[in-house]
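Each chain, letter by letter, is given below.
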Amino acid sequence: MICNNSLLKEPKISIIITYYNLENYVVDCVRSILNQSYKNFEIIIVNDGSDKKNSEILNDSIFKDEKIEIINLEKNSGQLLAFLKGLEIATGEFICMVDADDILLEHHLKTLLYVHLNHKTALVSSNFGEIDSSNQIVLFEKNEKKTVKFNELESFFTQEKEFKINYNKLPFGLWGWSPATSGMFRKSSLEILKYFPEKKYWKTGADKVVFSLLHLVGGSINISAITYLYRHHDKNNSATTLTSGNKKYLSENYVKKLINWNIKLRVDTLKMFLKNKKEFIEKFNKLNYYKMLFRVIFCVNIKVCAKILKTLAHKIV
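Residues numbered from 1 in each chain as written. Predicted model: local features only at pLDDT ≥ 70, side-chain atom pairs only at ≥ 80, totals over all residues. Heavy atoms only, no water.

S.K.: Pulling in residues and values, what's your account of the pattern of salt bridges?
M.R.: If you walk through the whole model with that rule in mind, you get seven salt bridges. Two residues, Lys 53 and Glu 23, come together in a salt bridge whose shortest N-O distance is 3.3 Å. Remark: Glu 23 occurs in the loop between strand E1 (13–19) and helix H1 (26–34) and Lys 53 occurs in helix H2 (residues 52–56); sequence separation between them is 30 residues. Residue classification places Lys 53 among the exposed residues on the basis of a relative accessible area of 56%. Residue Glu 191 is joined to Lys 283 by a salt bridge in which the shortest nitrogen-to-oxygen separation is 3.2 Å. With Glu 191 in the loop between strand E10 (183–186) and helix H5 (206–218) and Lys 283 in helix H7 (residues 277–284), this pair connects stretches of sequence that are 92 residues apart. Overall, the relative accessible area of 37% leaves Glu 191 in the partly exposed class. On the basis of relative accessible area, Lys 283 is assigned to the partly exposed category, the value being 35%. (Salt bridge = Lys/Arg side-chain N within 4 Å of Asp/Glu carboxyl O. Helix = DSSP H or I, 4+ residues; strand = E, 2+ residues; numbered from the N terminus. Buried < 20%, exposed > 50% of the residue type's maximum accessible area, 1.4 Å probe, protein only.)

In structure tokens, the structure reads:
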């Protein structure tokens with residue numbers, strides 16, 4: 001338990017799952033959430049225009065749990081808009097964005113909430129293990145994928161008794177977190193998203209927008225503890241790479257997508273700050289408004305530019 005005093009109420013967590021044609025994995029995802037050691041949570045599943053076959057899986061008995069609410073969208077609106085639909089009805093003080101193909105380890109919510117309650121930050125992101133479509137742990141070595149059965153590594157993903165807590169000091173727009181499921185956000189910080197333009201553009205990569213904006217307005221923390229399992233399969237972005245962290249193996253098309261995301265995020269965030277100048281000054285005060293504005297304008301990082309050029313050169317060769 002987070003709070004030992006019976007007079008205190010434990011914070012509520014809203015877990016928003018954006019679901020689109022992932023019937024093979026969503027049941028395992030939801031089951032892992034229902035098995036969390038921290039119990040004060042709700043699950044909001046946003047069915048983002050999935051086809052009939054994938055929508056029917058949501059009739060499974062596991063989705064009848066009282067903690068679960070399902071929103072069915074008539075057509076696919078994209079990851080960011082689907083997340084915002086879930087956010088509209090979320091009642092928790094803290095929000096998690098969970099991909100329907102990932103699995104939460106038992107203490108995921110408890111660990112991230114503990115860090116939030118002991119540090120002032122908008123976003124906490126944890127480390128992750130990797131599994132494949134058949135729930136096997138996946139290990140990568142150069143160009144060769146190796147798998148081992150979970151029961152062969154019983155303690156591979158055990159909860160760490162101690163873990164490192166690092167305040168993220170990345171320039172705006174650079175990625176410095178684990179993928180989407182790793183994050184827990186303060187709901188109050190997510191208010192910035194209502195001002196963000198062209199949300200329809202972000203059919204994928206919504207975590208890029210959410211994490212970057214929250215890091216800008218409220219800071220972020222990375223922890224070393226492995227609290228969830230990221231899944232590799234043929235429908236996710238990481239299918240273009242052997243490991244989700246090794247960019248030199250990314251496909252050329254995905255490298256182009258990442259570059260476009262980076263440009264689009266910076267341009268749209270700048271537009272957002274300029275368009276809402278008066279309201280943002282009232283909200284953040286004048287000094288903080290200009291601090292954040294300058295962070296967006298002067299967010300070029302020479303080392304990252306060098307890595308991008310190196311990656312592109314690798315593809316050309």
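S.K.: Explain helix H8 (residues 286–297) to me, and be specific about the residues and the numbers.
M.R.: The terminal C-alpha atoms of H8 lie 17 Å apart, and with 12 residues this matches the ideal 16 Å at 1.5 Å per residue to within 8%. Of all the residues in H8, the buried ones are Tyr 289, Met 292, Leu 293 and Val 296. The buried residues of H8 occupy an angular sector of 100 degrees when projected down its axis, which confines them to one face. (Expected span 1.5 Å × (residues − 1). Arc of directions from axis to C-beta.)

S.K.: With reference to specific residues and values, describe the layout of surface pockets.
M.R.: Quantified by volume, the second largest pocket comes out at close to 200 Å³. Surrounding the second largest pocket, Leu 73, Ser 77, Leu 81, Leu 84, Lys 85, Leu 87, Glu 88, Leu 190, Leu 193 and Lys 194 form its lining. For the lining of the second largest pocket, the leading source of residues is helix H3 (residues 79–89), giving five residues. For the lining of the second largest pocket, the residue count by class is six nonpolar, one polar and three charged. (1 Å grid on protein atoms, 1.4 Å probe; cavity = no way out; pocket = protein on both sides within 12 Å on 5 of 7 lines; lining within 4 Å. Points joined across faces, edges and corners; volume = space filled by probe spheres on them. Nonpolar A, V, L, I, M, F, W, Y, C, P; charged D, E, K, R; others polar.)

S.K.: Before we move on, could you go through the nonpolar core and cite the residues and values that matter?
M.R.: Judged by nonpolar contacts, the single largest core of 44 residues is most densely connected at Phe 83, Phe 185, Leu 190, Ile 192, Leu 193 and Val 210. Those elements that provide at least two residues to this core are strand E2 (41–48), strand E3 (68–73), H3, strand E4 (94–99), H5, helix H6 (252–275), H7 and H8. When residues in this core are grouped by element, the largest group, seven residues, is from H5. Apart from residues lying up to four places away in sequence, Leu 193 is in contact with Phe 83, Leu 84, Lys 199, Val 209, Val 210 and Leu 213. Among the nonpolar cores identified, the runner-up in size contains 37 residues, and Ile 15, Val 30, Ile 43 and Leu 109 belong to it. (Core = buried A, V, L, I, M, F, W, Y, C linked by side-chain atoms within 4.5 Å. Contact = heavy atoms within 4.5 Å.)

S.K.: Just give me the short version of unusual backbone geometry, but keep the residues and values in it.
M.R.: Residues other than glycine seldom take positive phi values, yet Asn 135 does so here, at roughly 65 degrees. Assignment of secondary structure puts Asn 135 in the loop between strand E6 (123–131) and strand E7 (137–141). With a relative accessible area of 32%, Asn 135 lands in the partly exposed category. Despite not being glycine, Asn 285 shows a phi value in the positive range, around 80 degrees. The class of Asn 285 is partly exposed, set by a relative accessible area of 39%.

S.K.: Lay out the environment of Lys 67 with the relevant residues and their values.
M.R.: With respect to the helices and strands, Lys 67 occurs in the loop between H2 and E3. Residue class for Lys 67 comes out partly exposed when judged on its relative accessible area of 27%. Taking C-alpha positions, Lys 67 is 4.9 Å from Glu 42, a pair spaced 25 residues apart along the chain. Among all residues touching Lys 67, those that are not within four sequence positions of it are Leu 34, Lys 39, Phe 41, Glu 42 and Ile 43.

S.K.: Give a description of the pairing of E10 that names residues and reports values.
M.R.: Summarising the sheet, E4 and E10 pair through three bridges and their orientation is antiparallel. When the bridges of E10 are listed, Phe 94 appears paired with Arg 186. Pairing geometry for E6 and E10, over three bridges, is antiparallel. Bridging from a neighbouring strand, Leu 123 pairs with Phe 185 of E10. (Pairing = 2+ DSSP bridges.)

S.K.: With reference to specific residues and values, describe the packing of aromatic side chains.
M.R.: The geometry of an aromatic ring pair comes down to the distance between the two centres and the angle between the two planes. One pass over the structure, following the stated rule, counts 16 aromatic pairs. Look at Phe 280 and Phe 284: their rings are 5.6 Å apart centre to centre, the planes differ by 85 degrees, and that puts the pair in the edge-to-face class. Note that Phe 280 and Phe 284 are positioned in helix H7 at a spacing of four residues, about one turn of the helix. Residue Phe 280 is classed as buried on the basis of its relative accessible area, which comes to 0%. Taken together, the aromatic side chains of Tyr 195, Phe 273, Phe 280, Phe 284, Tyr 289, Tyr 290, Phe 294 and Phe 298 make up a single cluster linked through ring pairs. Geometry around Phe 41 places Lys 67 over its ring, the cationic atom sitting 4.5 Å from the centre. Directly above the ring of Tyr 201 sits Lys 264, whose terminal nitrogen or CZ lies 5.1 Å from the centroid. (Phe/Tyr/Trp six-rings, centres within 6.5 Å; stacked < 30°, edge-to-face > 60°. Lys NZ or Arg CZ within 6 Å of the ring centre and 35° of its normal.)

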